Amino acid sequence: MRRPPFRFPLPITSQTIVGALLFAMTGALIGFYLRSWPVGWGGSFFGLLLGAGVGALGARRFFVSVAIGTVVGGLVGWRAGGVDVVPLMAGTGSAVGGFVGITIEMLRGSHRHERERRAP
């Protein structure tokens, strides 16, 4: 009996690709900021896995909120403390953007299991 070919366990969608690229780039930038190639490669690898997993769950709004938080945090850091503060504030802004994105999703109640649980 012939075995079926290996199948990737996660669906590969545009959200999966965007998540993997966004988180892998974050890992690479952390390594660049720390001036360490091993940290950059390791951060990129783990960011790729984490981003693909979160993207497979369908978190487009989460990625948008993280990206907006990164840009806004970087701009605030640049205006407040100069170029040296930009990486720290961009990282802080992305974390806050992620928290805001998750909170908005929870308040909207747009999760699939929430819709299925409600009776018409």
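Worth saying up front: this structure is predicted, and the values here are computed from it rather than measured. (Residues numbered from 1 in each chain as written. Predicted model: local features only at pLDDT ≥ 70, side-chain atom pairs only at ≥ 80, totals over all residues. Heavy atoms only, no water.)

Draft legend 1. Spotlight on the packing of helix α1 (residues 14-34) against helix α2 (residues 37-56). Where α1 contacts α2, the axes come no closer than 6 Å and their chain directions differ by 155 degrees. As summarised for this structure, α1 and α2 are arranged roughly antiparallel, according to the angle between their axes. For the pair α1 and α2, the crossing hand works out as right-handed. Seen from α1, the contacting residues are Gln-15, Thr-16, Gly-19, Ala-20, Phe-23, Ala-24, Gly-27, Ala-28, Ile-30, Gly-31 and Leu-34; seen from α2, they are Val-39, Gly-40, Gly-43, Ser-44, Gly-47, Leu-48, Leu-50, Gly-51, Ala-52, Gly-55 and Ala-56. Looking at the contact of α1 with α2 residue by residue, the class counts come to eleven nonpolar, eleven polar and no charged. (Axes fitted to C-alpha atoms, helices over the stretch in contact; angles between N-to-C directions. Helix = DSSP H or I, 4+ residues; strand = E, 2+ residues; numbered from the N terminus. Parallel < 35°, antiparallel > 145°, perpendicular 65-115°, else oblique. Left-handed = near helix turned anticlockwise from the far one by under 90°. Contact = heavy atoms within 4.5 Å. Nonpolar A, V, L, I, M, F, W, Y, C, P; charged D, E, K, R; others polar.)

Draft legend 2. Main features of the packing of helix α3 (residues 60-81) against helix α4 (residues 86-108). Viewed as axis vectors pointing N to C, α3 and α4 meet at an angle of 145 degrees, and their least axial separation amounts to 6 Å. Two packed elements cross with a definite hand, and for α3 against α4 that hand is right-handed. Along its contact with α3, which presents Arg-61, Phe-62, Ser-65, Val-66, Gly-69, Thr-70, Gly-73, Gly-74, Val-76, Gly-77 and Trp-78, the element α4 presents Val-86, Met-89, Ala-90, Gly-93, Ser-94, Gly-97, Gly-98, Gly-101, Ile-102, Glu-105 and Arg-108. The class makeup of the residues in the contact of α3 with α4 is eight nonpolar, eleven polar and three charged.

Draft legend 3. Representation of the packing of aromatic side chains in the model. Under the criterion given, the structure shown has three aromatic pairs. Ring geometry for Phe-23 versus Phe-63: centroids 5.8 Å apart, planes at 80 degrees, classification edge-to-face. Of this pair, Phe-23 sits in helix α1 while Phe-63 sits in helix α3, placing them 40 residues apart in sequence. On the basis of an interplanar angle of 55 degrees and a centroid distance of 5.9 Å, the ring pair of Phe-62 and Phe-63 is categorised as tilted. The two residues Phe-62 and Phe-63 agree in class, both being buried. Members of the aromatic cluster, connected to one another through ring pairs, are Phe-23, Phe-62 and Phe-63. (Phe/Tyr/Trp six-rings, centres within 6.5 Å; stacked < 30°, edge-to-face > 60°. Buried < 20%, exposed > 50% of the residue type's maximum accessible area, 1.4 Å probe, protein only.)

Draft legend 4. Main features of the environment of Leu-88. Secondary-structure assignment places Leu-88 in helix α4. Given a relative accessible area of 56%, Leu-88 falls into the exposed group. Expressed as a C-alpha distance, the spacing of Leu-88 and Gly-77, which sit eleven residues apart in the sequence, is 7.7 Å.

Draft legend 5. Region of the structure containing the nonpolar core. By size, the foremost hydrophobic cluster in this structure holds six residues: Phe-23, Val-54, Ala-59, Phe-62, Phe-63 and Val-66. Sorting elements by how many residues they give to this core places α3 first, with three residues. Once residues within four sequence positions are removed from consideration, Phe-62 is found in contact with Phe-23, Val-54, Gly-98 and Ile-102. (Core = buried A, V, L, I, M, F, W, Y, C linked by side-chain atoms within 4.5 Å.)

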